[in-house]
Every structure is written in structure tokens, then in C-alpha cells.
Amino acid sequence: MTLRIGQGFDIHRLESGDGVTLGGLWIACPYRLVAHSDGDVVLHAVMDAMLGALALGDIGELFPDTDARYQGADSAQLTRIVRDRCRHLGYVVGNLDLTILCEQPKISPHRATMREVIAQVLDIPVDRISVKATTCEQLGSIGRGEGLAVQAIVLMLAHA
Ligand code: MG
């Protein structure tokens with residue numbers, strides 16, 4: 001098979017803090033993401049989409065939160081591990097489309113840099129990475145600002 005599609009979803013709780021890491025990018029804001037790792041919900045969804053495309057399980061299986069090695073883990077580094085695992089199986093990311101759902105922080109000022117950082121982590125051109133964001137119109141838990149969720153869809157290409 002030369003093309004494989006995968007989707008990933010992740011959500012983390014927000015609480016008072018001094019910033020969040022999203023898509024490998026530190027964004028200073030009055031919140032933090034509650035997590036065992038660095039809480040990078042964007043890269044968690046990306047990894048799950050890549051793993052899903054190749055039917056390799058999920059990040060919970062690969063990097064268990066019961067394992068002390070992943071306490072405060074750098075999700076960019078974990079993403080490079082997933083990228084390399086896919087490469088060894090003959091696949092690279094063709095394109096990636098992300099939707100970030102949150103009320104805060106505002107994503108648009110960081111969108112361009114976030115795309116660059118994700119492209120660097122995945123080692124692919126930035127024009128293959130899409131980052132979109134939406135609020136939830138104050139509906140439900142995300143709308144109340146209690147958390148931040150991400151949907152990811154990825155197309156994996158068999159490389160030559
Ligand atoms: Mg997560």
C-alpha cells in the first residue's frame with residue numbers, strides 16, 4: 001500500500017499556570033496543561049494519527065504514563081521516535097491537518113511558528129502541515145475553558 005490515512009484525538013485539562021507547550025512550541029499564557037508528560041496535546045494527536053495510519057497501536061501503549069521515563073517527557077522527542085519508526089517501515093508524512101479546539105490561549109498568533117516547528121520535528125516541508133483552530137462557542141467543557149482538545153488527520157506516503 002502506498003497511501004495510509006490515520007486520525008488522532010487528544011484532550012488535556014487546563015488549569016492556572018504560566019504557559020502551555022503546543023506543537024512543540026512554548027506559549028506563555030495564564031494556563032498550564034495537566035499531564036504526565038509535557039502535555040503537548042497537539043503532538044500527542046499527531047503521534048496517534050501516525051501510529052493509527054500504520055496500525056501500530058497508540059502512544060499510551062508506546063510511552064505508558066506509568067513509566068517514570070516519560071514523566072515530563074518532551075513530546076517533540078517522542079514524536080521523532082514515532083517518525084523514525086514509521087520511516088523504518090517505509091512511510092513518511094505526506095500531509096497533516098490539525099484542528100485545535102480551545103477558548104484560550106489564542107492560537108492564531110502562533111500558528112505560523114507552530115507549523116514550522118512541527119515541520120522540523122517531522123522533517124518535512126512546512127507546506128505539508130496545516131494548523132487550524134476553533135473555539136467551542138462557550139459550549140461544553142472546552143467552551144468553559146476547562147480543557148484543550150486536538151484532532152489530527154495524517155496521510156502517510158510510502159517513500160521510495
Ligand atoms: Mg495526551
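Up top you'll find the structure we're talking about.
Peer 1: Residue-level account of unusual backbone geometry, with values.
Peer 2: Backbone torsion omega between glutamine 104 and proline 105 reads -10°, so that peptide bond is classified as cis. Within the element layout of this structure, proline 105 appears in the loop between strand S5 (91-101) and helix H4 (111-122). A positive phi angle is found at alanine 55, which is not glycine, with a value near 55°. A positive phi angle is found at aspartate 123, which is not glycine, with a value near 60°. Checked against the element boundaries, aspartate 123 lands in the loop between H4 and strand S6 (129-134).

Peer 1: Outline the layout of surface pockets, listing residues and values.
Peer 2: When its volume is computed, the largest pocket comes out at roughly 250 Å³. What lines the largest pocket is a set of 14 residues, among which Ser37, His44, Ile59, Phe63 and Asp65 lie closest to the centre. At the level of secondary structure, the elements contributing two or more residues to the lining of the largest pocket comprise strand S1 (3-16), helix H1 (41-53) and helix H2 (59-62). By residue number, the principal contributor to the lining of the largest pocket is H1, which donates 3 residues. When its residues are assigned to classes, the lining of the largest pocket shows 6 nonpolar, 5 polar and 3 charged.

Peer 1: Now, about the packing of H1 against helix H3 (residues 75-88): what can you tell me, with residues and values included?
Peer 2: With their axes 10 Å apart at the nearest point, H1 and H3 run at an angle of 15° to one another. With respect to H3, the axis of H1 lies roughly parallel. Between H1 and H3 lies a crossing of left-handed hand. Between H1 and H3, the residues in contact are Leu43, His44, Met47, Met50 and Leu51 and Ser75, Ala76, Leu78, Thr79, Val82, Arg83 and Cys86, respectively.

Peer 1: Which residues make up the side chain of aspartate 67, and what values do they have?
Peer 2: Along the chain, the position of aspartate 67 falls in the loop between H2 and H3. Given a relative accessible area of 19%, aspartate 67 falls into the buried group. A distance of 2.8 Å separates polar atoms of two side chains, one belonging to aspartate 67 and the other to arginine 69.

Peer 1: Account for the pairing of S5, with residues named and values stated.
Peer 2: A large share of S5 lies buried, amounting to 8 of its 11 residues. Pairing of S5 with strand S7 (residues 147-158) involves 10 bridges; the strand directions are antiparallel. Bridging across to S7, isoleucine 100 finds its partner in valine 150. Pairing of S5 with S6 involves 6 bridges; the strand directions are parallel. Bridging from a neighbouring strand, leucine 96 pairs with isoleucine 129 of S6.

Here is what the cut-offs are and how they apply
- Residues numbered from 1 in each chain as written.
- Predicted model: local features only at pLDDT ≥ 70, side-chain atom pairs only at ≥ 80, totals over all residues.
- Heavy atoms only, no water.
- Helix = DSSP H or I, 4+ residues; strand = E, 2+ residues; numbered from the N terminus.
- 1 Å grid on protein atoms, 1.4 Å probe; cavity = no way out; pocket = protein on both sides within 12 Å on 5 of 7 lines; lining within 4 Å.
- Points joined across faces, edges and corners; volume = space filled by probe spheres on them.
- Nonpolar A, V, L, I, M, F, W, Y, C, P; charged D, E, K, R; others polar.
- Axes fitted to C-alpha atoms, helices over the stretch in contact; angles between N-to-C directions.
- Parallel < 35°, antiparallel > 145°, perpendicular 65-115°, else oblique.
- Left-handed = near helix turned anticlockwise from the far one by under 90°.
- Contact = heavy atoms within 4.5 Å.
- Buried < 20%, exposed > 50% of the residue type's maximum accessible area, 1.4 Å probe, protein only.
- Polar contact = N/O pair within 3.5 Å; in protein donor to acceptor, adjacent residues only side chain to side chain.
- Pairing = 2+ DSSP bridges.

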